[in-house]
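So the chains spell out like this:
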Amino acid sequence: NDSMEKVDPDLKRIIDLEAARQNQKLIFIPSESAAPLAVRESLGSILQNIYAEGYPDEASRWFSQEKILDVERHLAHFSRYSDPRYYKGVEFADVIEELARRRCAEAFATPDVHADDIYVNVQPLSGAPANNAVYQALINPGDTILGMNLLHGGHLTHGSSVNRSGKLYKATHYSVDPQTEQIDYDEVERIALENKPRVIITGFSSYPWVPDWARFRQIADKVGAYLMADISHIAGMIAAGVLPSPVGFADVITFTTHKTLCGPRGACILSFKESISKKIDKAVFPGEQGGPHMQVLAAMATTFKLAREESFKNFQQQILKNCKAMSDQFEARGIRIAFGGTNTHLLNIDCKSVIGPDGTTLSGDMAARMMDLAGLVANSNAIPGDKATLRASGVRLGTPWLTQRGLLEQDMREIADIIVDLLQAAKPYTYTTGNTSVSRAKVDFKTFEDIKIRVRKI
Ligand code: PLP
């Protein structure tokens, strides 16, 4: 059992370099966060050695955490009755999965919906398989689904033609209103009435506003569709109670645990009726996956424990305040915020306002590349008006990582100033090679060095 340093020093060096990158750069990727040590300890543990195909005892969904953690009781019960899993040797795996399910249900319970009424599946390996398992559970190939257009902030698994969800099902889409760049719910209703989807998907990757859950419920009821809320991005804020919850509105809720929840890479599916939860369990295993990753389930259990602490709530609140401060400062400096603003942890700036001497506008990709070289890590993103994700003119900026560093509103305003100074110093231009025209941008060396120094001082 030699260490990585001894067995594979080359890889160790790369991981150390990545750790330094995460420490030194200002990271704006809204789908990322730093998982705390207590979470990462499970991920590197011996739980990774085992298989535990199947699910724990169904009745344990209604056990309290104390009862689940009474391991002696569990072992006595376990030796007397057969276990519903396909593998033996899962007596502790059971406790871990039961605990993760229960703590998740408690973290997402609301004053109106008790944890006992929330069915949780913690096994999806990530967000994409979770979403596809939901479709597999609820509908048949060829059925219609309705989700947000990918170019306006939907996810690939919401019916994009390059994803299984768009190949197996008849995918239809709603978009934002071209004037307000926000969802026009009457238009969503019109599209739903026209297409009669069996599943309506709400929840987004880059659309920066919290969906109106009640209005989506109304639309789903009008056409007899299931309502699926994919809260991957905002799950942390919903668990903390600082953004409105779809619990009580959606039939099924999916989310990844590695974004604002700051947990392991994985996903959960919540449902509220036994009949639906049974179908979902079957769709995840054996429909979609094999054995659950027990090290991830243990890390989820810790994540949901942390999510109930006051410090987590304050952190999630600060993420929102930081995003708003950044957004206001961009606007004050004349940078347009796409989608008309934000009330979540992310925003999208429109880079088209930076225009070069030859009339070339700054692309999202060039902006994100310049930012990365200056120590500011973000991704380019399509915004309303863009024709393809590869020709995006937005940059998506989120505040989870920066808030984890302890940065506050005044820091965010300073960072927004640095970004604006960098973008406004850029001189976009186009050149042609063969039949292709390529967009690039130049920044004066001295200005760029000054920006790098300002980033390092944050
Ligand atoms: N759903 C939404 C809204 C997302 O933003 C993402 C990922 O970014 C996913 C699902 C997919 O998650 P994963 O990358 O873990 O498969």
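Residues numbered from 1 in each chain as written. Predicted model: local features only at pLDDT ≥ 70, side-chain atom pairs only at ≥ 80, totals over all residues.

1. Observations concerning the sheet that holds strand β11 (residues 379-381)
Argument step 1. The sheet built from three strands is open, its strands ordered β9-β12-β11 with antiparallel pairing. The open sheet terminates on both sides in strands that have one partner only, identified here as β9 (346-350) and β11. Along the sheet, successive strands turn relative to each other by an average axial angle of 40 degrees, direction set aside.
Argument step 2. Contacts between helix α15 (residues 364-373) and the sheet are confined to β11 and β12 (394-398), with β11 contributing the most and set at about 165 degrees to the helix. (Pairing = 2+ DSSP bridges. Helix = DSSP H or I, 4+ residues; strand = E, 2+ residues; numbered from the N terminus. Axes fitted to C-alpha atoms, helices over the stretch in contact; angles between N-to-C directions. Contact = placed C-beta atoms within 7 Å.)

2. A few points about the UniProt feature "modified residue: N6-(pyridoxal phosphate)lysine" (unreviewed entry) in the protein
Argument step 1. Mapped onto the present numbering, the UniProt feature "modified residue: N6-(pyridoxal phosphate)lysine" (unreviewed entry) falls on Lys259.
Argument step 2. Structurally, Lys259 is set in the loop between β7 (252-256) and β8 (267-271).
Argument step 3. Excluding residues that lie within four positions of it along the chain, Lys259 makes contacts with Ser31, Ser33, Ser232, His233 and Ala235. (UniProt positions renumbered as here; feature names shortened; annotations may be inferred.)

3. Some details on the packing of helix α7 (residues 127-138) against helix α12 (residues 274-288)
Argument step 1. For the pair α7 and α12, the least separation of the axes is 8 Å and the interaxial angle reads 115 degrees. The two elements α7 and α12 cross, and the hand of that crossing is right-handed. Within the contact between the two elements, α7 uses Pro129, Asn132, Ala133, Val134, Gln136, Ala137 and Leu138 and α12 uses Lys279, Ile280, Ala283, Val284, Gly287 and Glu288.
Argument step 2. Split by residue class, the contact of α7 with α12 holds eight nonpolar, three polar and two charged. (Left-handed = near helix turned anticlockwise from the far one by under 90°. Nonpolar A, V, L, I, M, F, W, Y, C, P; charged D, E, K, R; others polar.)

4. Side note on the pairing of strand β14 (residues 436-442)
As a general feature of sheets, a regular strand has side chains that alternate between the two faces.
Argument step 1. Bridge count between strand β13 (residues 427-433) and β14: seven bridges; the pairing is antiparallel. Among the inter-strand pairings, Pro428 is bridged to a residue of β14, identified as Ala441.
Argument step 2. With antiparallel pairing between neighbouring strands as the criterion, β13 and β14 make up a hairpin whose turn holds two residues, including Gly434 at a positive phi of roughly 60 degrees.

5. Observations regarding unusual backbone geometry
Argument step 1. Going from Phe285 to Pro286, the amide bond is cis rather than trans, its omega being 10 degrees.
Argument step 2. Position of Pro286 relative to the elements: it lies in helix α12.
Argument step 3. Even without being glycine, Glu181 reaches a positive phi, approximately 60 degrees.
Argument step 4. By the secondary structure assignment, Glu181 is in the loop between β4 (170-174) and α9 (185-195).
Argument step 5. The phi dihedral of Phe339 is positive, around 65 degrees, even though this residue is not glycine.
Argument step 6. On the secondary structure map, Phe339 appears in the loop between α14 (310-332) and β9.

6. Notes on the packing of helix α6 (residues 91-108) against helix α13 (residues 294-306)
Argument step 1. At a closest axis distance of 8 Å, the pairing of α6 and α13 adopts a crossing angle of 35 degrees. Seen along the crossing, α6 lies across α13 with a hand that is left-handed. Taken together, the residues of α13 that come into contact with α6 (itself represented by Ala93, Ile96, Glu97, Leu99, Ala100, Arg103, Cys104 and Ala107) are Met294, Leu297, Ala298, Met300, Ala301, Phe304 and Lys305.

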